[in-house]
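Next come the chains, spelled out residue by residue.
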Amino acid sequence: MSTASTETSETVVHPRRDNTREPLLEVTDLVKHYPVKEYTGLFPTTNQVRAVDGVSFDVAPGETLGLVGESGCGKTTTGRLVTRLIDPTSGSIKFDGKEIGQAKERQLRSMRRDMQLIFQDPYQSLNPRQTVNTIIGTPLEVHNLVPKNKRKDRVQELLELVGLNPEHVNRYPNEFSGGQRQRIGIARALAVEPRLIVADEPVSALDVSIQAQVMNLLEKLRKELNLAFVFVAHDLGVVRHFCDRVAVMYLGKIVEIGDRSDIYEAPQHPYTQALLSAAPDLNVVRGAERKERIRLEGDVPSPINPPSGCRFRTRCWKAQDVCAQEEPLLEIKSGARQGHQIACHFPEIKDDLATSLENTSA
Amino acid sequence: MSLGAGTEATMVADADERAPGPAPREGKSPTQIALERLRKDKVAIACLFVIGFFVLVAILAPVLVSIAGVDDQLHLDQVNPLTGLASFQSNADHPFGVKARTGEDLFYQWAYGARPSLVVGIAASALTMVVGVTMGLLAGFLGGVVDTVVSWIVDFLLSLPFLLMAIGIVPIALQRFGNPDSSGFIEEGRESTIRFIVLICVLVLFTWPTVARLIRGEVLSLREREFVQAARSLGMPTKRVVMRELLPNLTGPMIVNLTILIPAFIATEAGLSFLGVGLKDPTYSWGQTISQGVTFFDSYPIWMWIPTISVSLLVLALSLFGDAVSDAFNPQTRR
Ligand SMILES: Nc1ncnc2c1ncn2[C@@H]1O[C@H](COP(=O)(O)OP(=O)(O)O)[C@@H](O)[C@H]1O
Ligand code: SF4
Ligand SMILES: [Mg+2]
């Protein structure tokens, strides 16, 4: 345990927040509701899909925030709101001190250089009709970063940076494997020299062995280029060695947020504990006795009609009456360190889950 | 999914991924791959020869008729005054025979008849594509009011019965633009020009909605694709996103559509001319020849057979070629 935690702290760039911390990205009460028409009954009724329902977090320069939750929790929507690919219903997004939540496309132009996306599906994220040279050269062209005659050199430099053969500039995406394509996507994001990258499950579509390589690449780039990351993942395993801070999302809300060690070693929210417990346990595969595991029953409820009070109550084993009546606020609970907030009426530290994970990944 | 697990596995996979690909030839776009597949398709090549033959006939019609020594004059001496028919089906002077009563040469009409088929097929489908793709792109990418209006027009036009409308529109257009004299007579050349234009307009009017609907669907799925999001996250102007990211990805469906439309239009032109609402003298067309020859099918079969076989062969070749093209462009069957 102790060796494991020293190893852990090595990769943490910003282990603890203090008051001098200047956020690069600051999101406050961010909301995105999608209106959807339903055609049951006589008249169509308009419902609101509460994809993101009041989310707040911040990211300092060079810091990495993991955004974790099951599918359908609103992680992708949050990422696209932050990069302003979609307009928020309400709430504030501050980037580098500037409010961009309601800004028009023209006002966003300078921000577009500072914030980039890496996408989930490497087969969808590259235009199949363009060569690598065009794909990576387009950001250089759009933002007028490199003179035309130097563009190809810069593209080749970027290819080398992400570990691809620079001689492959004239190839089309169909000539690359999934992992290689993801590297091209990373090179495209890096072309504008951004300060923040929103990575939306960048490895979950890849083979496990390739996942590790791409994660190592991101780790290397983040250190070399001092990049800040919002790293979206659907389980806590992937972000473990990458993130300084972790926010756990459930049904459009953050249920627990804290430094990496808070989340992995002293998780207090039942949902976080369930996610941690669901991480694959290699020791069991190797023949060790199975630890007590928390199994989540059922699926994430519909975001059109989320449960009253605590949204997790329909699947929570600790739910009481109060959970259905009062919505728990995201706040610091007893036993939690500064910057570790939990939205639960009955928080309780469960650290053996983290220990078991520690052993598996050693 | 623990990342620390197995550094040796990482090394192996890394080496594997960086290894030079098995194919040393590089830089093949999806279109080039499709064309390469098409080149290997024997049926497609055979069809291309058939299509090429008719295109040559249409282009070289004046040369062919002078080689055959035929003209567009009446040859009353060639027909039996009692039956009105020629005594031969085919001879050296008139290889495809002559018309009943007037004795006009049918080879001449066949060679020149290839022209309207191809011109109508190509012009109408090109126009259809331009209108359909533009409307589909606008509706799909802009959405909102534009989408609602375009979709409404599309649904409206598709709900009209094509054949009835075509049969109705031709006489109306002739009345409106033909300057008929008091007895209703319209100058021959003027009538055939009007008929030609109206025919193309009718074909385009009733077919662009199908194309627009298809392109709109493609655009709706394309614009959610992550590479379009990536372009938008760069702050790329909308016009450029459409032209550079969307349009090139529509070449597949566009080419496939074009190869389906051309034979359909040629067949429709022949059908409408057969029904008398298509082309008329002095513009020769196969459909019109068929409709005239059908009366004499028993006693003078060559009159109907030659244009019938020609139009069938051309439509068949174009359709099979279209199938081959859509196979070649279909990513599911690629490689
Ligand atoms: N354009 C949209 N219209 C309606 N509902 C949407 C739209 N995009 C996402 N949603 C809904 O919002 C919820 C959150 O989606 P998403 O952000 O993709 O979740 P995640 O990335 O965590 O899986 C889902 O229930 C999804 O169905
Ligand atoms: S508030 Fe209640 S239902 Fe919600 S997580 Fe805590 S104990 Fe479970
Ligand atoms: Mg997602």
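The name an unreviewed UniProt entry assigns to chain B is ABC transporter permease, from the organism Luteipulveratus flavus. As stated in UniProt under Subcellular location (unreviewed entry), the record for chain B gives "Cell membrane". Listed in UniProt under the heading Sequence similarities (unreviewed entry), the comment for chain B reads: "Belongs to the binding-protein-dependent transport system permease family."

Chain A has the name Dipeptide ABC transporter ATP-binding protein in an unreviewed UniProt entry, where Luteipulveratus flavus is given as its organism.

Caption draft 1: Quick peek at the overall build of chain B. Along chain B, the regular secondary structure elements total 13 helices and zero strands. Each helix (α) and strand (β) of chain B, taken in turn from the N terminus, gives the series α-α-α-α-α-α-α-α-α-α-α-α-α. On C-alpha atoms alone, chain B measures out to a radius of gyration of 27 Å, which is more than a quarter above the 20 Å that the 2.2 N^0.38 rule sets for 335 residues. When its C-alpha atoms are laid out on the principal axes, chain B stretches across 100 × 50 × 30 Å. Scored against the burial criterion, the 335 residues of chain B give a buried share of 46%. Carbon and sulfur atoms form 67% of the exposed surface of chain B, whose accessible area is close to 16700 Å².

Caption draft 2: Main features of the overall build of chain A. The secondary structure content of chain A amounts to 13 helices and twelve strands. Sequence separation of at least 24 residues holds for 67% of the intrachain contacts in chain A that already meet a minimum separation of 6. Accessible surface for chain A amounts to roughly 15600 Å². Of this, 48% is attributable to carbon and sulfur atoms.

Caption draft 3: Representation of the sheet that holds strand E2 (residues 45-59) of chain A. An order of E2-E1-E4-E5 (chain A) is seen for the four strands of this open sheet, with the pairing classed as antiparallel. The two strands at the open ends of the sheet, each matched to only one other strand, are E2 and strand E5 (98-99) of chain A.

Caption draft 4: Summary view of the UniProt feature "domain: ABC transporter" (unreviewed entry) in chain A. Under the local residue numbering, the UniProt record ascribes the feature "domain: ABC transporter" (unreviewed entry) to residues 25-276 of chain A. In the segment residues 25-276 of chain A, helix accounts for 35% and strand for 28%; the C-alpha atoms at its two ends are 27 Å apart.

Caption draft 5: Examining the site of ligand 1 more closely. Residues and elements named next belong to chain A. Taken together, the residues surrounding ligand 1 are Tyr-34, Val-49, Ala-51, Glu-70, Ser-71, Gly-72, Cys-73, Gly-74, Lys-75, Thr-76, Thr-77 and Pro-303. Interatomic distance of 3.0 Å between a backbone N/O atom of Gly-74 and an oxygen atom of ligand 1. One nitrogen or oxygen atom from the side chain of Thr-77 is found 2.5 Å from an oxygen atom belonging to ligand 1. Protein burial of ligand 1: of its 560 Å² of free accessible surface, 65% is covered by the chains. Counting residues per element, the ones that place at least two in the shell around ligand 1 are E2 and helix H2 (75-82).

Caption draft 6: Summary view of the packing of aromatic side chains. Scanning all chains against the criterion turns up 16 aromatic pairs over all chains. The interplanar angle of 40 degrees and the centroid separation of 5.7 Å between the aromatic rings of B:Phe107 and B:Trp110 together place this pair among those described as tilted. In this pair, B:Phe107 and B:Trp110 are both assigned in helix H5 (residues 106-142), three residues apart and thus about one turn of the helix distant. Side by side, B:Phe107 and B:Trp110 carry an identical accessibility label, which is buried. Counting every residue linked through ring pairs, the aromatic cluster contains A:Phe229, A:Phe231 and A:Phe242.

Caption draft 7: Expanded view of the sheet that holds strand E11 (residues 331-332) of chain A. Residue and element names in this part refer to chain A. Strands sit in the order E6-E7-E8-E3-E9-E10-E12-E11 across an open sheet of eight strands; the sheet is mixed. The sheet is open, and its two edges are formed by strand E6 (115-118) and E11, each paired on a single side. Alignment of strand E3 (residues 64-68) against strand E8 (residues 228-233), held across five bridges, turns out to be parallel. Paired with Gly-66 across the bridge in E8 is Phe-231. Along the sheet, helix H3 (residues 105-114) makes contact with E6 and strand E7 (196-200), crossing E6 at roughly 55 degrees. The strands that helix H6 (residues 178-190) touches are E6 and E7; relative to E6, the one it contacts most, it runs at about 175 degrees.

Parameters and conventions
Residues numbered from 1 in each chain as written. Chains lettered and ligands numbered in written order. Predicted model: local features only at pLDDT ≥ 70, side-chain atom pairs only at ≥ 80, totals over all residues. Heavy atoms only, no water. UniProt positions renumbered as here; feature names shortened; annotations may be inferred. Helix = DSSP H or I, 4+ residues; strand = E, 2+ residues; numbered from the N terminus. Rg over C-alpha atoms; globule rule 2.2 N^0.38 Å. Buried < 20%, exposed > 50% of the residue type's maximum accessible area, 1.4 Å probe, protein only. Areas by Shrake-Rupley, 256 points an atom, 1.4 Å probe, with all protein chains shown as cover. Contact = heavy atoms within 4.5 Å. Pairing = 2+ DSSP bridges. Near = heavy atom within 4 Å. Polar contact = N/O pair within 3.5 Å; in protein donor to acceptor, adjacent residues only side chain to side chain. Phe/Tyr/Trp six-rings, centres within 6.5 Å; stacked < 30°, edge-to-face > 60°. Axes fitted to C-alpha atoms, helices over the stretch in contact; angles between N-to-C directions.

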